[in-house]
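Observations on the three-dimensional arrangement
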Amino acid sequence: MATSAVPLEHSGHAEAHELSFIRKYIFSTDHKIIGIQFLLFSLVFLLVGGILATMMRWQLGFPNEPMPGGGLFPETMAPGGILLPEFYNSLVTMHGTLMVFFAIMPLLVGVFGNYLIPLKIGAPDMAFPRLNMASFWIAVPAGLLMVAGFFVEGGHAGAGWTAYAPLSADPEWTGVHAGQQLWLLSLAIIGLSSILGATNYITTVVNLRAPGMTWFRLPLSIWALFITSILVLLAIPILSGAAIMLYFDQTIGTHFFDATDGGQPLLWQHLFWYFGHPEVYILILPAMGFVSDIIANGSRKPVFGYDTMVWAIVSIGFLGWVVWGHHMFQSGMNPTLGTVFMISTFFIAVPSAIKVFNWMGTMWRGNIRFHVPMLHAVAFVAMFVIGGLSGVFMASNTFDIYIHDTYFIVAHIHYVLFGGSLFAIFGAITFWYPKMFGKMMSPLLGKIHFWLTFVFFNLAFFPMHSLGIGGHMRRIYDPTQYEFLQPLQPINKFISISVFILVASQIFFAIAFIMGWFNGEKAGENPWEDNGLEWSTPSPPPHGNWEKTPHVYRGPYEFSSPLVEEDYLPQFKKLDGDSEPAAAGGNGRG
Amino acid sequence: MSWILPEGISTFAADIDLIYYWILVITGIVFVVVEGGLLWFVIKYRARPGRKAYYIQGNTKAEIIWSAIPAVTVVFIGLWSAIIWDDIKGRDSVPEGSLAYDVRAEQFEWHFTHAGVDGTLGTADDFQLRNQLHVPVNQPVVLNATAEDVIHAFFVPALRVKQDIVPGLGAVIWFEATSTGEYEIACAELCGMGHYRMRAMLTIHTQEEYSQWLASQSPVATAE
Ligand code: HEM
Ligand SMILES: [Cu+2]
Ligand SMILES: [Cu+2]
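Residues numbered from 1 in each chain as written. Chains lettered and ligands numbered in written order. Predicted model: local features only at pLDDT ≥ 70, side-chain atom pairs only at ≥ 80, totals over all residues. Heavy atoms only, no water.

Some remarks on the overall build of chain B
In terms of helices and strands, chain B carries three helices and ten strands. For chain B, the α and β elements follow one another from N to C terminus as α-α-β-β-β-β-β-β-β-β-β-β-α. Projected onto its principal axes, the C-alpha positions of chain B cover 90 × 40 × 35 Å. Here chain B holds 224 residues, and the buried ones make up 53% of them. (Helix = DSSP H or I, 4+ residues; strand = E, 2+ residues; numbered from the N terminus. Buried < 20%, exposed > 50% of the residue type's maximum accessible area, 1.4 Å probe, protein only.)

Right, here's the structure in full:
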């Protein structure tokens, strides 16, 4: 049954038949190449998103002073180098949009879903390699359309990444027309890319596991990507549908979200957050998975409570569907509903807490190696704790009255998405880079990058909590307009300077990434002495991944097992007394 | 950097603030324990040659404990919040005999219709002010708010009041101020180019002052 999903060109032989350069590196169907394509794609957007943030921080720290380099921008954006408020709104909108949809999400799901799933479950490739190629090549035009919005008349979308209607529905309110429409089209298109990817990941995990790779021997990274793919498959179509409705409001005169003609603005918020809350778990679950793998490796210990960790992922994935109203406590939604959503939101804090304690349990009595990926993974835990705790403040609908739409939220999202997801991504990139490129990244540059990022991240974002407690609204162009915000202006300035250093520090990552490629030390098969199947094939693995399908004898985290001398015992290593796994349930070739 | 809330001047501000300080203390303790534990682990269990990690797969009892503690804590915060929430935002929370105002929000200004000396809206002595709201102290006040164009949010940090005003849906907002003075009203929902300057002033008078002020405004001295 499973074999039919693998196209013939992939089955059987690992040695690559001669493919043209274009087929091998551009229109490739190899999951590893597609993963690397997504990596380069999303790192570019990460950089662009960071630059947009730097510009916003200039305006907030130094309101109405000409921005260095601001003269390069046209009159419609920054006359005399001073950002215009409408351009600032586009920056806010596009920073959020690019980071969520074009940087973090493709980094987690597009890059590592692609790269890791086949390699970690012992499959030669994805179940549908051509769909996989399509998913990348659909993302590219979506990215181009999104960037194109900056160059159209009326400017880019400026209604926030949440695009609340009717601000986003009618150009009358913003003067933005083509920009908002490109924004919607681009999201609908990249949504298609995500859906194709998710279909592929789910099918692959279900059907193509190597003999012996039972569900409860899957690494947590794969469990997380699997559950995430289900969330993607169910959540993205809701966004796409809502985006198309809003597009019709913008273009052909429907009034889904426009109250003046009988539409309902809150419908947009319900649709957006019904997608949006699962989306934030899409943005964190894979990160949690990578971190589990890396912490076990770094601590040289099995993951503490593997089964509980799996159930925590599953229950977060499930509960994530019933909490969306916590984004709408102050929206005018029925107040009783506010209480219901508060309770469900508090429940979701429990599996999050369990995960944190189990990571700590994993490190407890370990023999911790602080390689660069481990530094990032530990930082992930430390930062995710702060993001989770700030979530508790906002989950109280009553206290949320005060902090909703303030910098407290901005602090929260950055602790979970930068402190959380992005640190996990740096951990994952530095951990799997040797497998991807066959070279090691410089540990020295990696450590410099880590420490600068860690320190300046906290200096930039921790003070935002206190801005929020001071009542500082988010998404405002010029805080000095308000008397009560003027005493907070020194904090704004401090944050801005920290952000500039934080962004500049990323140069060390770029250098390490590029230098590793050209003259990094050659990586062996298993440089981190890890247990996963991906470490049983050369770095980088050949087309088809293995000469012979690996067999799996045990779970993924047998570190420091008393059965062997060394402190790791790979899934693929056969000990005397291990019996050969049955082929059933695994991939068809086994 | 401060964790102290600015002065609160409404009847429910103290309730909201108390929840905040409780959550601050609880999360503060969790923060110190968890981050401290983490730091302690990375120092204590750093790799040393010749040592092997302790081989253990988990411990159900420990896991039950550390699931139960957060569960109980959040249920406590949740129930407490629910009660206060109902007092502030519940459907029947607006106090009897509140003094009514009409509020109209539009890009990028606020219009406040004050009932004149007669204290009733919809009569000839009503008058409207742009970006200015005057209320008496120690008197429940209810704002019947509508939005002309896009969503705006009525935010008075000192009162701990925030409420989105959705076009077509409107909002009913009430509060009772407990001290006099001038406080800023902000728009807290991104509403377009001028969102950042959609600012208004709230003036809270003593009862006597308010009557005098009303008399000086109505019926013809309207701002618009
Ligand atoms: C303990 C777990 C968490 C709780 C209790 C929690 C709670 C909340 C609440 C109540 C809000 C809405 C606040 C408001 O608008 O007034 C919020 C906003 C948000 N949360 Fe969380 N959260 C948690 C974890 C996460 C995670 C893991 C992520 C993402 C990786 C995340 C991402 C976001 C984002 C992006 C927003 C803001 C959306 C926006 O308005 O732009 N949260 N969170
Ligand atoms: Cu949410
Ligand atoms: Cu506004």
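There is more to say after this.
A closer look at the coordination of the copper ion (ligand 2)
Residue and element names in this part refer to chain A. Here the copper ion (ligand 2) is held by the protein donor atoms H277 (ND1), H326 (NE2) and H327 (NE2), which lie 1.8 to 2.0 Å from it. The sequence pattern describing where the donors of the copper ion (ligand 2) fall on their chain is H-x48-H-H. Between the copper ion (ligand 2) and the iron atom of ligand 1, the interatomic distance is 4.7 Å. Residue H326 is classed as buried on the basis of its relative accessible area, which comes to 16%. Taking relative accessible area as the criterion, H327 reaches 21% and is therefore assigned partly exposed. (Donors = N, O, S within 2.8 Å, 3.2 Å for Na, K, Ca; no water.)

Points about the coordination of the copper ion (ligand 3)
Residue and element names in this part refer to chain B. Only C187 (SG), E189 (O), C191 (SG) and H195 (ND1) from the protein coordinate the copper ion (ligand 3), and they sit 2.1 to 2.6 Å from it. One can describe the site at the copper ion (ligand 3) as irregular: its four donor atoms subtend angles covering 84 to 129° at the metal. Counting residues between consecutive donors of the copper ion (ligand 3) along the chain gives the motif C-x1-E-x1-C-x3-H. As far as the burial class goes, E189 and C191 line up, both buried. (Tetrahedral: all angles 85-135°; square planar, octahedral: opposite > 155°, others 65-115°.)

So, the site of ligand 1
Residues and elements named next belong to chain A. Lining the immediate environment of ligand 1, one finds 20 residues, of which D400, H404, H412, I413 and R474 sit closest. Between ligand 1 and H412 there is a distance of 3.0 Å, counted from a nitrogen atom to a side-chain nitrogen or oxygen. Those elements that provide at least two residues to the shell around ligand 1 are α7 (265-282), α11 (372-395) and α13 (407-437). Looking at the shell around ligand 1 residue by residue, the classes come out as eleven nonpolar, seven polar and two charged. (Near = heavy atom within 4 Å. Polar contact = N/O pair within 3.5 Å; in protein donor to acceptor, adjacent residues only side chain to side chain. Nonpolar A, V, L, I, M, F, W, Y, C, P; charged D, E, K, R; others polar.)

Observations regarding the sheet that holds strand β4 (residues 132-136) of chain B
Residues and elements named next belong to chain B. The strand order β4-β10-β9-β6-β7 describes an open sheet built from five strands, whose pairing is mixed. Two strands lie at the open edges of the sheet, namely β4 and β7 (161-165), each paired on one side alone. Across the sheet, the mean angle from the axis of one strand to that of its neighbour is 20°, orientation sign disregarded. Across the sheet, helix α3 (residues 207-217) lies against β4 and β10 (200-205), angled at about 135° from β4, the strand it touches most. (Pairing = 2+ DSSP bridges. Axes fitted to C-alpha atoms, helices over the stretch in contact; angles between N-to-C directions. Contact = heavy atoms within 4.5 Å.)

A word on the sheet that holds strand β2 (residues 109-114) of chain B
Residues and elements named next belong to chain B. The strand order across the open sheet formed by five strands is β3-β2-β1-β5-β8, and the pairing between neighbours is mixed. Where the open sheet ends on each side, the last strands, each with one partner, are β3 (127-130) and β8 (171-176). Averaged over all adjacent pairs, the angle separating strand axes in this sheet is 25°, with direction ignored. One ladder, built from six bridges, connects strand β5 (residues 140-147) with β8; its direction is antiparallel. Residue pairing for β8: A145 is matched across the bridge by A171.

Focus on unusual backbone geometry
All names here are of chain A. The linkage connecting A165 with the following residue, P166, adopts the cis geometry, with an omega of 0°. Tracing the sequence through the fold places P166 in the loop between α4 (129-148) and α5 (178-207). Following S539, the chain continues to P540 via a peptide bond in cis, the omega torsion being -10°. Position of P540 among the secondary structure elements: in the segment after α15 (489-519).

Things to note about the pairing of β5 of chain B
Residue and element names in this part refer to chain B. Most of β5 is tucked away: six of the eight residues are buried. Sheet analysis places strand β1 (residues 99-106) next to β5, joined by seven bridges and oriented parallel. Opposite A105, over in β5, you have A147 as the bridge partner.

Some thoughts on the domain arrangement of chain B
Residue and element names in this part refer to chain B. When cut into domains, chain B gives domain 1 (13-89) and domain 2 (99-223). Look at where the C-alpha atoms of domain 1 and domain 2 centre, and you get two points 41 Å apart. Listed per partner, the contact involves six residues of domain 1 and four residues of domain 2. For the pairing of domain 1 and domain 2, the buried interface totals around 410 Å² over both sides, and the portion due to carbon and sulfur atoms is 40%. One can count one salt bridge joining domain 1 with domain 2. (Domains from an automatic or database assignment. Buried area = accessible area lost by both parts, 1.4 Å probe. Salt bridge = Lys/Arg side-chain N within 4 Å of Asp/Glu carboxyl O.)

Points about α7 of chain A
Residue and element names in this part refer to chain A. Taking 1.5 Å per residue, 18 residues should reach 26 Å; α7 reaches 26 Å between its end C-alpha atoms and fits that length. At W273, α7 shows its maximal kink, close to 25°. With a side-chain oxygen lying 3.1 Å from the backbone nitrogen of L266, the N-terminal cap of α7 falls on Q264. (Expected span 1.5 Å × (residues − 1). Bend = angle between axes of the 7 residues up to and from the residue.)

Re the environment of L214 of chain B
Looking at where L214 of chain B falls in the secondary structure, it is placed in helix α3. Excluding its chain neighbours within four sequence positions, the residues that come into contact with L214 of chain B are A115, G116, V117 and F127 of chain B.

Description of the confidence of the model for chain A
Residues and elements named next belong to chain A. Predicted confidence across chain A gives a mean pLDDT of 94, with 96% of residues reaching 70 or more. Ignoring residues within four places in sequence, the model shows residues 1-16, a span with pLDDT below 50, making 34 contacts including any to other chains. The low-confidence segment residues 586-590, where pLDDT is below 50, has 22 contacts with residues more than four positions distant or belonging to other chains. (pLDDT = per-residue confidence, 0-100.)

Some remarks on the interface of chain B and chain A
Listed as interface residues are 79 residues of chain B and, on the opposing side, 95 residues of chain A. Residues E483 of chain A and R199 of chain B are paired through a salt bridge, measuring 3.6 Å at the closest nitrogen-oxygen approach. Elements that contribute at least two residues to the side of chain B that touches chain A include exactly α1 (13-44), α2 (60-89), β7 and β9 (181-187) of chain B. Split into classes, the residues belonging to the side of chain B that touches chain A amount to 48 nonpolar, 15 polar and 16 charged.

Observations regarding the side chain of N531 of chain A
Residues and elements named next belong to chain A. Mapped onto the fold, N531 is located in the segment after α15. By relative accessible area, which is 0% here, N531 ends up buried. Within the local environment of N531, its side chain forms a polar contact with the backbone nitrogen of L569, the two atoms lying 3.1 Å apart. The residues contacting N531, other than those within four sequence positions of it, are P556, Y557, E558, F559, Y568, L569, P570, Q571 and F572.

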